Amino acid sequence: MSVRKIVTVVEEIHTEGGRAVAQPARVAVVAAVVANPWAGQGFVEDLAPGIEAHASDLGALLAPAVLDALGAPAEAYGKAAIVGLGGEIEHGSALIHTLKFGDHFRKAANATTLLPAVEKRGPAGVVFDIPLKHITDATIRSHHQSFEVRVSDAPHPDEIVIALAAAAQGRPQQRLAPLTTEQ
């Protein structure tokens, strides 16, 4: 696995809606800019060898890093794969939509739900939103949120940005009723 760089972003919200947040709301993202293992090969029918060679290593690299950056237990999480213009969206999906990748984060966060994801293709500096959901119950509305990310010089056409996001809580000042209250 060829990693060009790792970018870490941590946001802490102290005020939302004009009111102080009881406990500052923290979200962390760790993104690895990696070489696309299928770059320059044209259409690759079988992506399995690349998945086998890289997905688990990426999960093992990013999962502990994002939880360390968060500095608290994760309550919500998500993932992203942003493919450079020389690749296919399927290249990013291949790396993140496998248990070889996601189970590293699920185990580290004591999570049981599927990791929500965004995949897209774009030029260096493309903005993307990582969706986050509760780590054990995707129906908990307070934890449905997204976090905007941009890596200024990535992905290059032959790269993929692989990112994990974690939140220590739900949205600051959330006030929606539980899903079970709707008829």
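Structure: above.
So, here is what we can say about the structure in this document. Note that the coordinates shown come from a computational prediction; the quantities given were computed from them, not determined experimentally.

1. A short note on the pairing of strand β6 (residues 145–150)
The side chains of a regular strand alternate, residue by residue, between the two faces of the sheet.
For step 1, the next point in the chain: Across the two faces of β6 the burial differs, with Gln-145, Phe-147 and Val-149 buried and Ser-146, Glu-148 and Arg-150 not buried at all.
For step 2, the next point in the chain: Inspection of the sheet shows strand β5 (residues 127–134) paired to β6 by 6 bridges, in the antiparallel sense. Residue pairing in the sheet places Asp-129 in a bridge with Glu-148 of β6.

2. Details of the nonpolar core
For step 1, the next point in the chain: Core analysis: the largest hydrophobic core is formed by 34 residues, its most contacted members being Val-66, Phe-101, Phe-105 and Ile-162.
For step 2, the next point in the chain: Elements represented by at least two residues in this core include exactly β2 (19–35), α1 (48–70), β3 (76–83), α2 (89–96), α3 (99–109) and β7 (159–167).
For step 3, the next point in the chain: Among the elements that line this core, the one with the most residues is α1, at 9 residues.
For step 4, the next point in the chain: Setting aside anything within four residues of it in sequence, one finds Phe-101 in contact with Ala-55, Leu-58, Gly-59, Leu-62, Lys-79, Leu-95, Ile-96, Ile-162 and Leu-164.

3. A look at the side chain of His-54
For step 1, the next point in the chain: On the secondary structure map, His-54 appears in helix α1.
For step 2, the next point in the chain: Among the residues examined, His-54 registers a relative accessible area of 18% and is labelled buried.
For step 3, the next point in the chain: In this view, His-54 contacts Met-1, Pro-37 and Leu-95; residues no more than four positions away in its chain are not counted.

4. A word on unusual backbone geometry
For step 1, the next point in the chain: Pro-155 follows Ala-154 through a cis peptide bond whose omega is 0°.
For step 2, the next point in the chain: In this structure, Pro-155 sits in the loop between β6 and β7.
For step 3, the next point in the chain: Of note in this structure, Asn-110 is not a glycine but carries a positive phi near 55°.
For step 4, the next point in the chain: Position of Asn-110 relative to the elements: it lies in the loop between α3 and β4 (117–121).

5. Some thoughts on α1
For step 1, the next point in the chain: With 23 residues, α1 should reach 33 Å at 1.5 Å per residue; the first-to-last C-alpha distance of 32 Å fits that figure.
For step 2, the next point in the chain: Of all the bends in α1, the greatest, near 30°, is centred on His-54.
For step 3, the next point in the chain: Among the residues of α1, Gly-50, Ile-51, His-54, Ala-55, Leu-58, Gly-59, Leu-62, Ala-63, Val-66, Leu-67, Ala-69 and Leu-70 are the ones counted as buried.
For step 4, the next point in the chain: On its buried side, α1 packs onto β1 (3–16), β2, α2, α3 and β7.
For step 5, the next point in the chain: Positioned one or two residues after α1, Gly-71 has a phi angle of 70°, which is positive.

Thresholds applied
- Residues numbered from 1 in each chain as written.
- Predicted model: local features only at pLDDT ≥ 70, side-chain atom pairs only at ≥ 80, totals over all residues.
- Heavy atoms only, no water.
- Buried < 20%, exposed > 50% of the residue type's maximum accessible area, 1.4 Å probe, protein only.
- Helix = DSSP H or I, 4+ residues; strand = E, 2+ residues; numbered from the N terminus.
- Pairing = 2+ DSSP bridges.
- Core = buried A, V, L, I, M, F, W, Y, C linked by side-chain atoms within 4.5 Å.
- Contact = heavy atoms within 4.5 Å.
- Expected span 1.5 Å × (residues − 1).
- Bend = angle between axes of the 7 residues up to and from the residue.

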